[in-house]
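# Structural overview
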Amino acid sequence: MLSTKTGFPNESGPIGIFDSGYGGLTILRQIRSLMPQYDYVYLGDNARAPYGTRSFELVYEFTLQAVTHLFQQGCPLVILGCNTASAKALRTIQQKDLPLLDMTRRVLGVIRPTAERVGILTQTRHVGVVATPGTIKSHTYELEIAKLYPDVVVTGEACPMWVPLVENYEYDSPGADYFVKKSLDRLLEKDSLIDCIILGCTHYPLLLNKIQKYVPQGVRVMPQGEYVAASLKCYLERHPDMERRLSTGGQVLYQTTEQADVFQSNASVFMGQDVSAQRVNL
Ligand code: DGL
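As a starting point, this report considers the structure included with it. (Residues numbered from 1 in each chain as written. Predicted model: local features only at pLDDT ≥ 70, side-chain atom pairs only at ≥ 80, totals over all residues. Heavy atoms only, no water.)

### Section: the sheet that holds strand 5 (residues 126-131)
Read across the sheet, 4 strands follow the order 6-5-7-8 without closing on themselves; strand pairing throughout is parallel. In this open sheet, the two edge strands, each paired with only one partner strand, are strand 6 (153-158) and strand 8 (220-222). Neighbour-to-neighbour, the strand axes of this sheet turn through a mean angle of 20°, independent of strand direction. Against the sheet, helix 5 (residues 111-121) makes contact with strand 5, strand 7 (196-199) and strand 8, and its axis sits at roughly 170° relative to strand 8, the strand it touches most. (Pairing = 2+ DSSP bridges. Helix = DSSP H or I, 4+ residues; strand = E, 2+ residues; numbered from the N terminus. Axes fitted to C-alpha atoms, helices over the stretch in contact; angles between N-to-C directions. Contact = heavy atoms within 4.5 Å.)

### Observations concerning the pairing of strand 1 (residues 15-19)
By the criterion of burial, strand 1 is predominantly enclosed, with 5 of the 5 residues buried. Neither face of strand 1 is open: one carries I15, I17 and D19, the other G16 and F18, and all of them are buried. By the bridge criterion, 5 bridges tie strand 1 to strand 2 (residues 40-44) in an arrangement that is parallel. The partner of F18 across the bridge, within strand 2, is L43. Once the chain exits strand 1 it traverses helix 1 (residues 24-34) before rejoining the sheet at strand 2, and the crossover so formed is right-handed. (Buried < 20%, exposed > 50% of the residue type's maximum accessible area, 1.4 Å probe, protein only. Right-handed = clockwise from strand over helix to strand, strands pointing away.)

### Notes on the site of the ligand
The environment of the ligand is made up of 13 residues, and the closest members are S20, Y51, G52, T84 and H203. S20 is positioned with one of its side-chain polar atoms (N or O) 2.6 Å from an oxygen atom of the ligand. Burial of the ligand by the protein chains amounts to 99% of its free accessible area of 300 Å². Of the residues belonging to the shell around the ligand, the class tally is 5 nonpolar, 7 polar and 1 charged. (Near = heavy atom within 4 Å. Polar contact = N/O pair within 3.5 Å; in protein donor to acceptor, adjacent residues only side chain to side chain. Areas by Shrake-Rupley, 256 points an atom, 1.4 Å probe, with all protein chains shown as cover. Nonpolar A, V, L, I, M, F, W, Y, C, P; charged D, E, K, R; others polar.)

### With respect to the packing of helix 5 against helix 11 (residues 225-238)
The relative placement of two packed helices is expressed as an angle between their axes plus a distance between the axes. Two elements in contact, helix 5 and helix 11, have axes whose closest approach is 9 Å; the angle formed by their N-to-C orientations is 110°. Classified by the interaxial angle, the pair formed by helix 5 and helix 11 is roughly perpendicular. In contact with P113, T114, R117 and L121 of helix 5, helix 11 contributes E226, Y227, V228, A230 and S231. Its residues assigned to classes, the contact of helix 5 with helix 11 comprises 5 nonpolar, 2 polar and 2 charged. (Parallel < 35°, antiparallel > 145°, perpendicular 65-115°, else oblique.)

### Quick notes on the packing of aromatic side chains
Tallied over the full model, the rule gives 10 aromatic pairs. Measuring from ring centre to ring centre gives 6.2 Å for Y42 and F263, while their planes differ by 35°; the resulting arrangement is tilted. Linking Y42 in strand 2 with F263 in helix 13 (residues 260-271), this pair joins segments that are 221 residues apart in sequence. Each member of the pair, Y42 as well as F263, is classed as buried. Here Y254 and F263 contribute two aromatic rings whose centre-to-centre distance is 6.4 Å and whose plane-to-plane angle is 50°, an arrangement assigned as tilted. Of the two residues examined, Y254 and F263, each falls in the buried class. (Phe/Tyr/Trp six-rings, centres within 6.5 Å; stacked < 30°, edge-to-face > 60°.)

### Some thoughts on unusual backbone geometry
Along the chain, A49 connects to P50 via a cis peptide bond; the corresponding omega equals 0°. Residues other than glycine seldom take positive phi values, yet R125 does so here, at roughly 65°.

If you want it as structure tokens, here you go:
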């Protein structure tokens, strides 16, 4: 079993939120606005981002390192604020690694809460998912939605250019219009009955204005932060033992595997406020 930095495995601690880079900040922001009382540690593996084009094995290996690190920071609960990691690593970590690391801690993802919501919102029962190539290839959205709503038809479109646009500050540029329109047109050509489009990558809310511009009227665009936050709140209500283990100072610690000053200036854009970060090794 892991011990935390202070050596007490069961003391109270922050909620850990992990992403390959900046995308998980869109999840942190929503979770924090719903539950500002808790402490949080945000970890961005910026040195090795993006994950979306990497193999299953590497995404799993990197995600396990991140989860282990967040446990060592004292987090009783870790949210994978990354669809790619949720699609490729979550199940294995829950089933194989948690029993070895610490059965009392929990790791949750972002796909299930989004799948739960889409079945309530779609009228046509035709849903689109835009995501990284890794998430689309894993077919995790199809599988999760089919478990809950077998009547819903799910069509995916990989958008390999969207994360680089966000990570390189190009999300508001004319170049972004080209790539956003191209991927959305392809998705809607595959299934014109789609009435809900899941933004299945936590970076994509930064492209929301562009996405809205190219989506026909009546099609709902679904960024997932709000659903993940609401689902976490319900989870904590259902699991008071876990809730009691969360520390409540309202603090956020930002950690990155890349240069802290670069992270700080980019993360400030995502969070809409100044961010101070520290560099860590996984
Ligand atoms: N933000 C991550 C996601 O939700 C992916 C970004 C990446 O490719 O690293 O899928």
